[in-house]
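# Coordinates in review
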Amino acid sequence: MKKLLRVALFFETSAINDRKLMRGIAKYSRLHGPWLFYNKRHPFYMTQGHSIWQQKVLPELKAWNPDGVIAHVNSRKAKELLSFGVPTILSALVEPEYLGSTYFADDNAAIATMAADYLLELGFKNFAYCGYHHQFWSNERCESFVSKIAKAGFKTNVYAQPNLRSRGFMQEDQSFLIHWVKSLPKPVAGMACNDARAQQVIDACKLASLNVTEEVA
């Protein structure tokens, strides 16, 4: 009988891509297992819950004694998972240059270039980008998007995300987003770094009484 391997999973289950990854992992385990899963949902974009991660999740995982880890986490949490010394696969949220571990990543330049090409083909002349300044993958997408738009002879208005540390992070960021979308020349075509950020921009447009997609595409 094959050894029952213990594999820890860390994914944001509210994200459809993460759920697809988990279904793929489950399918693989049925074909090549058996695997026993330790599965914890955690919000990988936010850092407020890091004390819970250190005080509860990591000790619990250590006691569980995993044979491997597959995780969609930020770099800080990734380094702590790597300290367990078991085979670990990390996601695109981790900066690969200082983590020397197996990881799966997106082609951020290709994603941004595809978005820019699409918006340029629609004939827009005003462009914007909204991302997360503290996420390297978002910055990579921003750089490629701005570069592609510049080569076409246009300028991109990049959202200057404020440094928010209060408990009202989301509310404060939303107020800045509303002011930003109001200030953009119209009609404007924009790229958000991901679906979650795009929804926040759409919400800001609604609160600013701006029409999506006629004024803000």
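Residues numbered from 1 in each chain as written. Predicted model: local features only at pLDDT ≥ 70, side-chain atom pairs only at ≥ 80, totals over all residues. Heavy atoms only, no water.

## Comments concerning unusual backbone geometry
Backbone torsion omega between Gly-33 and Pro-34 reads 15°, so that peptide bond is classified as cis. Here Pro-34 shows up in the loop between helix 1 (16-32) and strand 2 (35-41). The omega torsion of the bond from Val-212 to Thr-213 falls at 20°, within 30 degrees of zero and hence cis. Residue position: Thr-213 is located in the segment after helix 7 (195-207). Positive phi, normally seen in glycine, also occurs at Asn-65, with a value near 60°. Following the sequence through the fold, Asn-65 ends up in the loop between helix 2 (50-64) and strand 3 (68-71). Its relative accessible area of 55% is what places Asn-65 among the exposed residues. A positive phi angle, near 60°, is found at Ser-209, a position not held by glycine. Given the relative accessible area of 64%, Ser-209 is considered exposed. (Helix = DSSP H or I, 4+ residues; strand = E, 2+ residues; numbered from the N terminus. Buried < 20%, exposed > 50% of the residue type's maximum accessible area, 1.4 Å probe, protein only.)

## Some remarks on the sheet that holds strand 7 (residues 156-158)
Sheet architecture is open: three strands sit in the order 7-6-8, paired in parallel fashion. Whereas interior strands pair on both sides, the edge strands pair on one side only; in this sheet they are strand 7 and strand 8 (189-192). Pairwise comparison of adjacent strand axes, ignoring direction, gives a mean angle of 20° for this sheet. Bridging between strand 6 (residues 127-130) and strand 8 involves four bridges; their strand directions are parallel. Within the sheet, the bridge partner assigned to Tyr-129 lies in strand 8 and is Met-191. Lying over the sheet, helix 5 (residues 136-151) contacts strand 6, strand 7 and strand 8, oriented at roughly 170° with respect to strand 6. (Pairing = 2+ DSSP bridges. Axes fitted to C-alpha atoms, helices over the stretch in contact; angles between N-to-C directions. Contact = heavy atoms within 4.5 Å.)

## Some thoughts on the side chain of Thr-156
Within the secondary structure layout, Thr-156 lies in strand 7. When neighbours within four sequence positions are excluded, Thr-156 is seen to be in contact with Phe-127, Ala-128, Tyr-129, Phe-145, Val-146 and Ile-149.

## What about the state of the cysteines?
Summed over the entire model, instances satisfying the criterion amount to zero disulfides. Not engaged in a disulfide, the cysteine Cys-205 finds its nearest cysteine sulfur in Cys-130; these two sulfurs lie 9.8 Å apart. Residue classification places Cys-205 among the buried residues on the basis of a relative accessible area of 1%. (Disulfide = S-S within 2.5 Å.)

## Looking at the pairing of strand 1 (residues 5-11)
Within strand 1, five of the seven residues are buried, which leaves it mostly tucked inside the rest of the structure. Alignment of strand 1 against strand 3, held across four bridges, turns out to be parallel. By the bridge assignment, Leu-9 is partnered in strand 3 with Ile-70.

## Examining the pattern of salt bridges
This model, assessed by the stated rule, comprises four salt bridges. The partner of Asp-67 in a salt bridge is Lys-3, and the shortest N-O contact between them spans 3.4 Å. Of this pair, Asp-67 sits in the loop between helix 2 and strand 3 while Lys-3 sits in the segment before strand 1, placing them 64 residues apart in sequence. Since its relative accessible area comes to 57%, Lys-3 is described here as exposed. One salt bridge in this structure joins Arg-197 and Asp-173, with 2.7 Å as the shortest N-O distance. Of this pair, Arg-197 sits in helix 7 while Asp-173 is found in helix 6 (residues 169-183), placing the two residues 24 residues apart along the sequence. (Salt bridge = Lys/Arg side-chain N within 4 Å of Asp/Glu carboxyl O.)

## Examining the packing of aromatic side chains
Scanning all chains against the criterion turns up eight aromatic pairs. Taking 5.5 Å as the distance between ring centres and 50° as the angle between the ring planes, the aromatic pair formed by Tyr-28 and Trp-35 counts as tilted. Judged by centre distance (5.3 Å) and plane angle (55°), the ring pair of Tyr-159 and Trp-180 falls under tilted. With Tyr-159 in the loop between strand 7 and helix 6 and Trp-180 in helix 6, this residue pair connects regions lying 21 residues apart in the sequence. A relative accessible area of 11% places Trp-180 in the buried class. Of the aromatic side chains, those joined through ring pairs into one cluster are Phe-10, Tyr-38, Trp-53 and Trp-64. Against the face of Trp-64 rests Arg-6, its NZ or CZ located 5.3 Å from the ring centre. The aromatic ring of Trp-53 is capped on one face by Lys-77, whose charged end is 4.9 Å from the ring centroid. (Phe/Tyr/Trp six-rings, centres within 6.5 Å; stacked < 30°, edge-to-face > 60°. Lys NZ or Arg CZ within 6 Å of the ring centre and 35° of its normal.)

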